[in-house]
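# A structural walkthrough
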Amino acid sequence: MTFPLLTRRLALAAALALGVASCGAGDDNKAGGAPSELTFSILSAEGQASAGPLWQPLLDDMSRAVGVPVKPYFGSNYTVLVEAMRGEQTHIGWFSAKPAIEAIDRANAEVIARTVNKEGMDSYRSTLIVRTGSGITLDQVLACGKRFDFGIGDAQSTSGTLAPMAFLFNPRGIAPAQCFKTVRSANHQSNAFSVAAGVLDVATSNTVNTVFLTKQNPQIAAQIQEIWQSPPIPESGIVVREDLDPALKEKIRSFFLTYGQGDTAEAERQRRVLAGLEYSRFSAADDNYLNPVREMVADQQLGEARAKGDTAAVAAAERELQRLRSLREVQP
């Protein structure tokens, strides 16, 4: 065998070996493999210092239950968290309803469970808040006139943006940018603190945030009052990447659905962990539980399309609304 031929064959073998290695390394999920570590995304406006102590006991329990280390990934807004899942930086996440839809549609995710609060409810409400004693009423807010400084939520927030637009502003033909003196987009905690301090006159929030404020910042909570509540909104859910190893995914699903259940001392300890998160348990769910929110999204898209005079977009939104409403009508 000549030296050039041997060299070519060795090079070919090396290339083939590198190709095989690259297919398996760092690409466990695409091939349906089980990753050596899981990353769980958590929305936290105040970062790890605030949310970490509440979630870490559950993540530690999950690590033991599924046999894979689970680490947290904190983000200050839902766009960051959806993109993290889309970029395969995270495998599991706690998402409110609208961002969960974004994760399903754009980040290869699926729902495996939904949260149930301490009162046994699996829904919550969007709210409008003002400073206690300000005298600001809902009628004054809806009168517009560029009188108030307004705080709206993250663009991906179900209760901070989607619900108040779908249930309060859109039906009245109100565009916040034309209605208020200023409009600032921020997370619930930031908006609540700004209302309490008098920086904002009115802002969107939700009943879950009210509970957390009352527990963690009672002085701030005392300076805020609600002037409007939306109809019920599906509670947050747990989503996972659809391409996770099926056996691991089933372990994760089983962990959430059995967590805090039973009459053992361990179940009681787990219920205390859940209580810190203001939950009582996780219940079984799939992507369909988000259909009421998809209906709100379609309603908003219809309003935007009509405002632009986009007949094709109007027709598409009307078809989607009809599809979702027909699903709702046939449900028991």
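Note that the structure is predicted; figures quoted are calculated from it, not measured.

### Re the layout of surface pockets
If a probe as big as a water molecule is rolled over the atoms, it shows which places are left empty. Volume-wise, the largest pocket comes out at about 310 Å³. Lining the largest pocket are 19 residues, and of these Lys98, Leu162, Val297, Gln300 and Gln301 sit closest to its centre. With 6 residues, helix H13 (residues 291–308) is the largest single contributor of residues to the lining of the largest pocket. Tallied by class, residues from the lining of the largest pocket come to 6 nonpolar, 6 polar and 7 charged. The computed volume of the second largest pocket comes to approximately 250 Å³. What lines the second largest pocket is a set of 15 residues, and nearest its centre among them are Asn117, Glu119, Thr207, Val208 and Val211. At the level of secondary structure, the elements contributing two or more residues to the lining of the second largest pocket comprise strand E5 (123–124) and helix H9 (207–216). Take the lining of the second largest pocket: its biggest share by element is 3 residues, from H9. Taken together, the residues of the lining of the second largest pocket sort by class into 7 nonpolar, 3 polar and 5 charged.

### Quick notes on helix H4 (residues 97–106)
Burial within H4 is extensive, with 8 of its 10 residues counted as buried. Once H4 finishes, asparagine 108 follows within two positions and takes phi at roughly 55°, a positive value.

### Some details on the state of the cysteines
Inspection of every chain in the model, using the stated rule, returns 1 disulfide. At a sulfur-sulfur separation of 2.1 Å, the disulfide partner of cysteine 144 is cysteine 179. Torsion about the S-S bond of the cysteine 144 and cysteine 179 cystine: about -95°, corresponding to left-handed handedness. Of this pair, cysteine 144 sits in the loop between helix H5 (138–142) and strand E7 (149–152) while cysteine 179 sits in helix H7 (residues 176–179), placing them 35 residues apart in sequence. A single burial state applies to cysteine 144 and to cysteine 179, both of which are buried.

### Section: the pairing of strand E3 (residues 92–95)
By the alternation rule, side chains of E3 split into Ile92 and Trp94 and Gly93 and Phe95, which are all buried. Where strand E1 (residues 38–43) lies against E3, 2 bridges are found, and the strand directions are parallel. Bridged to phenylalanine 40 within E3 is isoleucine 92. The sheet contact formed by E3 and strand E12 (residues 237–241) spans 4 bridges and is antiparallel.

Definitions and cut-offs
- Residues numbered from 1 in each chain as written.
- Predicted model: local features only at pLDDT ≥ 70, side-chain atom pairs only at ≥ 80, totals over all residues.
- Heavy atoms only, no water.
- 1 Å grid on protein atoms, 1.4 Å probe; cavity = no way out; pocket = protein on both sides within 12 Å on 5 of 7 lines; lining within 4 Å.
- Points joined across faces, edges and corners; volume = space filled by probe spheres on them.
- Helix = DSSP H or I, 4+ residues; strand = E, 2+ residues; numbered from the N terminus.
- Nonpolar A, V, L, I, M, F, W, Y, C, P; charged D, E, K, R; others polar.
- Buried < 20%, exposed > 50% of the residue type's maximum accessible area, 1.4 Å probe, protein only.
- Disulfide = S-S within 2.5 Å.
- Pairing = 2+ DSSP bridges.

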